[in-house]
Amino acid sequence: MHRGRRGGRCGAALPQRPLGDVVPQEPPPASPRLPRQRGPVKGPNRIAGGRFVAAILLLQRPRTRPGGSGRADYNSHQAARAPPFPISAPGASQRPARAAASWYLALLGLAEHFRTSSPPKVRLCVHCLQAVLPRKPPARMEARTHLQLGSVLYHHTRNGDQARGHLEKAWLISQQIPQFEDVKFEAASLLSELYCQENSVDTAKPLLRKAIQISQQTPYWHCRLLFQLAQLHTLEKDLVSACDLLGVGAEYARVVGSEYTRALFLLSKGMLLLMERKLQEVHPLLTLCGQIVENWQGNPIQKESLRVFFLVLQVTHYLDAGQVKSVKPCLKQLQQCIQTISTLHDDEILPSNPADLFHWLPKEHMCVLVYLVTVMHSMQAGYLEKAQKYTDKALMQLEKLKMLDCSPILSSFQVILLEHIIMCRLVTGHKATALQEISQVCQLCQQSPRLFSNHAAQLHTLLGLYCISVNCMDNAEAQFTTALRLTTHQELWAFIVTNLASVYIREGNRHQELYSLLERINPDHNFPVSSHCLRAAAFYIRGLFSFFQGRYNEAKRFLRETLKMSNAEDLNRLTACSLVLLGHIFYVLGNHRESNNMVVPAMQLASKIPDMSVQLWSSALLRDLNKACGNAMDAHEAAQMHQNFSQQLLQDHIEACSLPEHNLITVSNLHLAVWGFFYLSINSNIPVTPSDVSVAVALWCNFL
């Protein structure tokens, strides 16, 4: 896993424990931290494909023991990236030992001075530490110096080979020294991270396994290394092995009497089981976790942190199942819980059990996470103004955090939030802004290959939705086809297939491909996913197809089923789409009264969302209905509304197609776009042929 190479704020002294913090005995573990997961968000939103939970897996952070004034604070966004271990001075009972301590501490003091300079003078710090080794120091001093050199070089330079050499020597020497766990296991942890960064995962795994095997008498390190190896398996998508390790960790924590860390292991395992869709195992596990969290008495912030973790899993589980209404009580509890945490102050009272020295996420990160799941809920429910409000708040908070903290999880949160706001823009008729935000996601993914790998399918899906909104059906098909090839996530696959089916319906001459797709998402028989929302959307697509085929009774049956399901879970956008299409069917059949009964509430609901395409469609129907009924004034008012919506959409259409980012729709492999898009000429002119926007957007539905 890639870390920020130079720690906290650029140019600022790093708030680490001093290199020369001399203590008379072997110190406790000095501010270690578990690796952060970079991965997807992905959460249960249909575009993010339910994977955002992977992005927050195993972010347990160790809580430091009390030390000097320079100890790292892991509840702060200025947390040290790799606090060097304090070095114990040799015994002072003999004069030669005192002399050795003098030169050693002098070099160490200089190294610490250079390290804490503003900006840090890393090269001079390294020179001071290197000067220790030619004097043939004792084995303990030599091992610590190699660890410090490896840590500084790894986190603050690009000298990976030198860092690896020093860490390997620290690991080798420390294994021969008894009672030297802090150096031994910190070296193993850092070295495995470095191997993973160099794509030498097969070398990192046996190293971690050996460290885990010999750390069983050291609860803190044993738990930390188990988390780290589980994280590594998760990044490789080997969720079975990761779950097994987390289960081992939970049992070990129970044996050593740490119910808090046991809950962390179990909650992390529950997250992976949710990702694997092993719901029969998830339910009893979450029940057990809930009992542990409620019964555990300890640090209030740690307890509330466990509760947030637990509630986030519950909320994402409901949202992944498309149960927008059912999730409201859990979501409310989660929002209340984060408000409680924000009022608590960490008093730094550390637990007596070393296995409890972990923390899940900083309070500020948890706040952004709660914003994120709130946005997901608002998107699915069709409260787009609320979704935009919380997205803006979360993005503002993220920008502040990223000034102090380069944690990969923050980039993952930002990408997922942008994916949601992009969908908001497309629904509310702001395609140009949506396109610019898609290019912003590309820029973020450019900074991290792993982030791009996790979000490539979502990016192509978003481009496909944009293509539909600007009536570029061939490009939409190409983008959706690429997204299908890239994803293995069932919910995202079903979402893409549903939208691709709408493209084939719009084109009108792709019956063979359309029938094949409809068979694969048949809501009446073996629907591929358990999502209530996606199944309702599949009924809508069948109703839309039957409408175009002139099979109106069949269309009404499918649409009534959609209404039944969407009303049950407050899926407002699907409700509005179903009502307006039913109104259109009744209008075609000549039943103007029934048509009006459908179109009026559709218009009201679409205005509340707001959904420009449904408003445009509804206003056109109201105009024609009132004309047919002889209501000239109402017809004129509806016609004026239709004209206003058409002008807004047409202007936005022209603006979007005029942007250089519009070229992205022609890129069927976004690897090329990520690395090459911004070399396109800013002045490139895309020919715009205004089409009948009312036709272009009226039938478009972005199923959430």
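Residues numbered from 1 in each chain as written. Predicted model: local features only at pLDDT ≥ 70, side-chain atom pairs only at ≥ 80, totals over all residues. Heavy atoms only, no water.

Q: Give me the lowdown on the overall build of the protein chain, citing residues and values where you can.
A: When helices and strands are counted, the protein chain shows 28 helices and zero strands. Burial statistics for the protein chain: of 704 residues in total, 61% are counted as buried. Of the roughly 26,900 Å² that the protein chain leaves accessible, carbon and sulfur atoms contribute 51%. (Helix = DSSP H or I, 4+ residues; strand = E, 2+ residues; numbered from the N terminus. Buried < 20%, exposed > 50% of the residue type's maximum accessible area, 1.4 Å probe, protein only. Areas by Shrake-Rupley, 256 points an atom, 1.4 Å probe, with all protein chains shown as cover.)

Q: Before we move on, could you go through the packing of aromatic side chains and cite the residues and values that matter?
A: How two aromatic rings sit relative to each other is set out by the distance from centre to centre and by the angle between their planes. Taken as a whole and assessed by the stated rule, the structure comprises 13 aromatic pairs. Geometrically, the ring pair formed by tyrosine 260 and tryptophan 296 is tilted, given 5.0 Å between the ring centres and 35 degrees between the ring planes. Pair noted here: tyrosine 260 is in helix 9 (residues 259-275) and tryptophan 296 is in the loop between helix 10 (279-295) and helix 11 (300-320), with a separation of 36 residues, a long-range link. Neither tyrosine 260 nor tryptophan 296 differs from the other in exposure class; each is buried. Each ring, one from phenylalanine 539 and one from phenylalanine 558, has its centre 6.3 Å from the other, and the planes form 35 degrees; the classification is tilted. Taken together, the positions of phenylalanine 539 in helix 21 (residues 532-548) and phenylalanine 558 in helix 22 (residues 552-568) put the pair 19 residues apart, joining distant regions of the chain. As far as the burial class goes, phenylalanine 539 and phenylalanine 558 line up, both buried. Site record: aromatic cluster; members linked through ring pairs are Phe185, Tyr220, Trp221, Phe227, Phe265 and Phe358. (Phe/Tyr/Trp six-rings, centres within 6.5 Å; stacked < 30°, edge-to-face > 60°.)

Q: An account of helix 6 (residues 201-214) is needed here, citing residue identities and associated values.
A: Counted at 1.5 Å a residue, the expected span for helix 6 with its 14 residues is 20 Å, and the 20 Å between its end C-alpha atoms agrees. By the burial criterion, the buried members of helix 6 are Val201, Ala204, Lys205, Leu207, Leu208, Ala211 and Ile212. (Expected span 1.5 Å × (residues − 1).)

Q: I'd like a description of the nonpolar core, backed by residues and values.
A: Among the nonpolar cores identified, the biggest contains 216 residues, and Val308 and Leu334 are the most heavily contacted of them. Among the elements that line this core, the one with the most residues is helix 15 (residues 408-428), at 13 residues. Not counting the four nearest positions on each side in its chain, valine 308 is found in contact with Leu334, Cys337, Ile338, Ile341, Trp360 and Met366. (Core = buried A, V, L, I, M, F, W, Y, C linked by side-chain atoms within 4.5 Å. Contact = heavy atoms within 4.5 Å.)

Q: I'd like a rundown of the packing of helix 21 against helix 23 (residues 572-588), residues and numbers included.
A: Axis separation between helix 21 and helix 23 bottoms out at 11 Å; the angle between their running directions is 20 degrees. One way to sum up the angle between helix 21 and helix 23 is to call them roughly parallel. Taken as a pair, helix 21 and helix 23 cross one another with a handedness that is left-handed. Residue-level contacts link Cys533, Ala536, Ala537, Tyr540, Gly543, Leu544 and Phe547 of helix 21 to Leu574, Cys577, Ser578, Leu581, His584, Ile585 and Val588 of helix 23. Classifying every residue of the contact of helix 21 with helix 23 by side-chain character gives eleven nonpolar, three polar and no charged. (Axes fitted to C-alpha atoms, helices over the stretch in contact; angles between N-to-C directions. Parallel < 35°, antiparallel > 145°, perpendicular 65-115°, else oblique. Left-handed = near helix turned anticlockwise from the far one by under 90°. Nonpolar A, V, L, I, M, F, W, Y, C, P; charged D, E, K, R; others polar.)

Q: Break down the environment of isoleucine 438 for me, with residues and values.
A: When you line up the elements, isoleucine 438 lands in helix 16 (residues 431-446). Residues isoleucine 438 and isoleucine 422 lie 16 residues apart in sequence; the distance between their C-alpha atoms is 7.0 Å. Residues within four places of isoleucine 438 in sequence aside, it is in contact with Ile422, Leu459, Leu462, Leu463, Tyr466 and Leu664.

Q: Before we move on, can you summarise the pattern of salt bridges with the specific residues and values?
A: Taken as a whole and judged by the stated rule, the model has 23 salt bridges. For arginine 224, the salt bridge identified is with glutamate 186, shortest N-O distance 3.3 Å. Of this pair, arginine 224 sits in helix 7 (residues 219-235) while glutamate 186 sits in helix 5 (residues 181-197), and the two are 38 residues apart along the sequence. Under the relative-accessibility criterion, arginine 224 is labelled buried at 1%. When the shortest N-O distance is used, the salt bridge between arginine 623 and aspartate 624 registers 3.2 Å. (Salt bridge = Lys/Arg side-chain N within 4 Å of Asp/Glu carboxyl O.)

Q: Now, about the side chain of arginine 573: what can you tell me, with residues and values included?
A: Tracing the backbone through its elements, the reader meets arginine 573 in helix 23. The class for arginine 573 is buried, based on a relative accessible area of 4%. In terms of polar contacts, arginine 573 uses its side chain to reach the side chain of aspartate 611, at 2.5 Å. (Polar contact = N/O pair within 3.5 Å; in protein donor to acceptor, adjacent residues only side chain to side chain.)

Q: Summarise the environment of glycine 247; cite the residues concerned and give the values.
A: With respect to the helices and strands, the residue glycine 247 is situated in helix 8 (residues 239-255). Between the C-alpha atoms of glycine 247 and lysine 269, which are 22 residues apart in sequence, the distance is 7.1 Å.

Q: Summarise the state of the cysteines; cite the residues concerned and give the values.
A: Simply put, the disulfide is a covalent bond whose two ends are the sulfur atoms of two cysteines. Inspection of every chain in the model, using the stated rule, returns zero disulfides. Not engaged in a disulfide, the cysteine cysteine 467 finds its nearest cysteine sulfur in cysteine 472; these two sulfurs lie 5.8 Å apart. (Disulfide = S-S within 2.5 Å.)

Q: Could you give me a rundown of the side chain of glutamate 569, with the residues and numbers involved?
A: Take glutamate 569: it is sitting in the loop between helix 22 and helix 23. Here lysine 325 takes part through its backbone nitrogen, which lies 2.7 Å from a polar atom of the side chain of glutamate 569. Aside from chain neighbours lying at most four places away, what touches glutamate 569 is Gly322, Gln323, Val324, Lys325, Ser326 and His532.

Q: Can you explain unusual backbone geometry? Please cite residues and give values.
A: In this chain, serine 118 is followed by proline 119 through a cis amide linkage whose omega measures 0 degrees. Considering the arrangement of structural elements, one finds proline 119 in the loop between helix 1 (95-115) and helix 2 (122-130). For the peptide bond that leads from isoleucine 609 to proline 610, omega is -10 degrees, which places it in the cis range. In this fold, proline 610 is placed in the loop between helix 24 (592-608) and helix 25 (612-628). The phi angle at lysine 136 is positive, at roughly 50 degrees, despite the residue not being glycine. Relative to the elements of secondary structure, lysine 136 occurs in the loop between helix 2 and helix 3 (139-156). For lysine 136, a relative accessible area of 74% gives the class exposed. Of note in this structure, glutamine 179 is not a glycine but carries a positive phi near 55 degrees. Structurally, glutamine 179 can be placed in the loop between helix 4 (160-174) and helix 5.

Q: Quick rundown of helix 7? Include the residues and the values.
A: End to end, helix 7 covers 24 Å across 17 residues, agreeing with the expected 24 Å (1.5 Å per residue, within 8%). Counting buried residues along helix 7, 17 of its 17 residues qualify, which places the element largely inside the surrounding structure. Phi for lysine 237, located one or two positions after helix 7, is positive at around 65 degrees.

Q: Tell me what's going on with the environment of asparagine 644, and back it up with residues and numbers.
A: If you trace the backbone, asparagine 644 turns up in helix 26 (residues 632-658). For asparagine 644, a relative accessible area of 36% puts it in the partly exposed group. On a C-alpha basis, the gap between asparagine 644 and leucine 616 in space is 8.9 Å, while along the polypeptide they are 28 residues apart.

Q: Account for the packing of helix 3 against helix 5, with residues named and values stated.
A: Running from N to C, helix 3 and helix 5 cross one another at 30 degrees; their axes reach a closest spacing of 10 Å. Between helix 3 and helix 5, the crossing angle belongs to the class labelled roughly parallel. Handedness of the helix 3/helix 5 crossing: left-handed. Facing Ala143, Arg144, Leu147, Ser151, Tyr154 and His155 of helix 3, the residues of helix 5 in contact are Asp182, Val183, Glu186, Ala187, Leu190, Glu193, Leu194 and Gln197. For the contact of helix 3 with helix 5, the class distribution of residues is seven nonpolar, three polar and four charged.

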